[in-house]
Amino acid sequence: MTSQSAYVYATSSTTEKEIEKEAEAYERLGLNGGYAASGDVALPFEWKNAVVMLDQAQFHPVKYLQGLLAEFLRLGGKVYEQTRAVEIEKGKQPVVTTKEGHQIKSKHVIVSSHFPFNDFDGLYFSRLHVERSYALAVRVRSEIPDGMYLNADKPSRSIRYSPSPEGGKLLLLGGEGHPVGHSKQENLQNYEKLADFGDRYFGGTIDIPYRWSSQDIFTLDKVPYIGQMRTGKDCVLVSTGYAKWGMTNGTAAALLLKDLILHQANPYNELFDPSRSEWKPASIKSFVKENANVAKELVKGKARRQDRMLADLGPDEGALVMVDGKKVGAYKDVAGHCHLVQPTCTHMGCDVEWNNAERSWDCPCHASRFNYKGEVIEGPAVKDLSKFEGA
Ligand code: FES
């Protein structure tokens with residue numbers, strides 16, 4: 001772990017004003033930071049102003065989680081991987097059923113599966129939205145500065161470094177976020193834009209050994225939902241909506257859920273309560289927009305005909321195509337074998353879309369993901385896409 005300064009910087013006059021307000025907030029709250037001195041900001045391009053938070057931890061997330069896991073196991077905890085929960089029967093002792101039909105009875109159940117798969121309980125599907133963002137690890141020719149940088153403008157840019165397994169440093173570049181299923185460009189182009197940015201400002205690219213994308217969940221007011229799934233004596237708890245701050249919000253969630261289960265007071269109970277009233281103007285706007293988007297996708301997906309046919313697909317290409325007059329999700333693998341699925345999402349029925357960067361079927365409504373064979377990768381859907389047998 002190293003200690004780094006974390007900066008948020010502006011490149012436009014609109015966000016310049018926001019940074020001023022942010023600096024005032026730092027001062028009011030007595031945070032360890034404030035306005036960044038221009039000599040401290042080591043960005044290789046023009047910027048207007050910046051705030052800095054000093055002495056922030058930069059660490060390897062997997063090593064951190066491995067440490068937590070080892071401690072959990074040492075204390076007698078058990079972890080079952082590849083075990084999908086598909087149902088929760090409530091009661092004094094809720095019962096969780098797995099895809100294979102096994103049942104687990106427990107005093108408390110915590111649903112922290114990103115988008116709750118039993119979301120009809122608290123209508124979470126209407127109160128959450130999911131965004132995808134992209135990241136590259138790039139070997140560049142110029143010196144990579146210390147510090148962690150986030151811009152306040154669009155498109156978003158996150159700049160920092162990681163030690164490379166082969167020695168030296170890798171530039172980590174993140175950004176190009178968009179609501180899942182609503183990218184203005186092909187998913188691969190999001191990576192290309194990040195690569196261009198690194199190439200332009202960091203002396204040219206030697207190679208890009210790693211790239212990945214992530215899906216992050218946001219609540220209406222951007223504060224996570226942590227607590228009882230529904231108010232009352234519910235023994236089913238939820239934690240979600242970490243809004244890209246999973247390491248910190250996940251830790252806050254663990255502390256709060258522990259107190260809830262042990263009936264101990266916690267000053268953050270109300271703040272994170274999933275049943276809190278969120279009906280402030282900004283939240284209402286977000287609620288209306290999200291649900292209008294879902295309604296639009298439901299209609300648009302069904303009404304949209306495809307012009308492409310199965311024969312149009314090249315190797316390693318996927319798309320919605322027409323087969324025997326029906327719309328079908330098709331992926332042709334490198335050997336030329338076609339994998340056909342029904343493109344209707346098993347969560348609430350929106351049409352899925354092909355993601356050419358990760359070779360998955362992604363749902364634009366609540367961000368369920370399925371692999372090219374139609375198997376669930378990420379919920380809230382718990383059932384695989386149906387195979388298309390008609391070709
Ligand atoms: S994830 Fe909700 S309809 Fe697909």
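Residues numbered from 1 in each chain as written. Predicted model: local features only at pLDDT ≥ 70, side-chain atom pairs only at ≥ 80, totals over all residues. Heavy atoms only, no water.

Caption draft 1: Inspection of the sheet that holds strand β13 (residues 225-228) at higher detail. With mixed pairing, 3 strands are arranged side by side in an open sheet as β7-β14-β13. Bordering the open sheet on either side are β7 (109-111) and β13, each of which pairs with just one other strand. With direction set aside, neighbouring strand axes in the sheet form an average angle of 15°. Bridging between β13 and strand β14 (residues 236-240) involves 4 bridges; their strand directions are antiparallel. Note that in β14 the partner of Gly227 across the bridge is Val238. (Pairing = 2+ DSSP bridges. Helix = DSSP H or I, 4+ residues; strand = E, 2+ residues; numbered from the N terminus. Axes fitted to C-alpha atoms, helices over the stretch in contact; angles between N-to-C directions.)

Caption draft 2: Looking closely at the sheet that holds strand β8 (residues 128-140). Spatially, 8 strands are ordered β2-β3-β1-β9-β10-β11-β8-β12 in an open sheet, and the strand pairing comes out mixed. The open sheet has two edge strands, β2 (33-35) and β12 (205-219), and neither has a second partner. Sheet twist, expressed as the mean angle between neighbouring strand axes with direction ignored, is 20°. Docked against the sheet, helix α1 (residues 13-29) engages β1 (2-10), β2 and β3 (49-58), running at close to 50° with respect to β3. (Contact = heavy atoms within 4.5 Å.)

Caption draft 3: Expanded view of the environment of Pro165. Note that Pro165 resides in the loop between β10 (157-163) and β11 (169-179). Residues contacting Pro165, with those up to four places away along its chain left out, are Leu170 and Tyr210.

Caption draft 4: Quick look at the nonpolar core. In terms of nonpolar packing, the biggest core is built from 24 residues, with Tyr9, Val41, Leu43, Tyr149, Ile159 and Leu171 touching the most fellow members. Broken down by secondary-structure element, the contributors of at least two residues to this core are β1, β3, β8, β10, β11 and α3 (187-201). The residues contacting Leu171, other than those within four sequence positions of it, are Leu136, Ala137, Val138, Val140, Ile144, Ile159, Arg160, Gly198 and Phe202. Ranked by size, the runner-up nonpolar core spans 18 residues in total, among them Ile88, Val111, Tyr124 and Leu220. (Core = buried A, V, L, I, M, F, W, Y, C linked by side-chain atoms within 4.5 Å. Buried < 20%, exposed > 50% of the residue type's maximum accessible area, 1.4 Å probe, protein only.)

Caption draft 5: How the structure looks around helix α4 (residues 246-261). In this model α4 runs 21 Å from its N-terminal to its C-terminal C-alpha over 16 residues, within 8% of the 22 Å that 1.5 Å per residue would give. The inward-facing, buried residues of α4 contact β7, β13, β14 and α5 (269-272). His263 sits one or two residues past α4 and shows a positive phi near 55°. (Expected span 1.5 Å × (residues − 1).)

Caption draft 6: Seen up close, the pattern of salt bridges. Applying the stated criterion across every chain, the model contains 13 salt bridges. Across the pair Arg132 and Asp362 runs a salt bridge whose closest N-O atoms are separated by 2.8 Å. Of this pair, Arg132 sits in strand β8 while Asp362 sits in strand β19 (residues 360-362), and the two are 230 residues apart along the sequence. A single burial state applies to Arg132 and to Asp362, both of which are buried. Among the salt bridges present, the one from Arg369 reaches Asp362, with a minimum N-O distance of 3.2 Å. Judged on exposure class, the residue Arg369 and its partner Asp362 are both buried. Members of the salt-bridge network, linked through shared partners, are Arg132, Glu358, Asp362 and Arg369. (Salt bridge = Lys/Arg side-chain N within 4 Å of Asp/Glu carboxyl O.)

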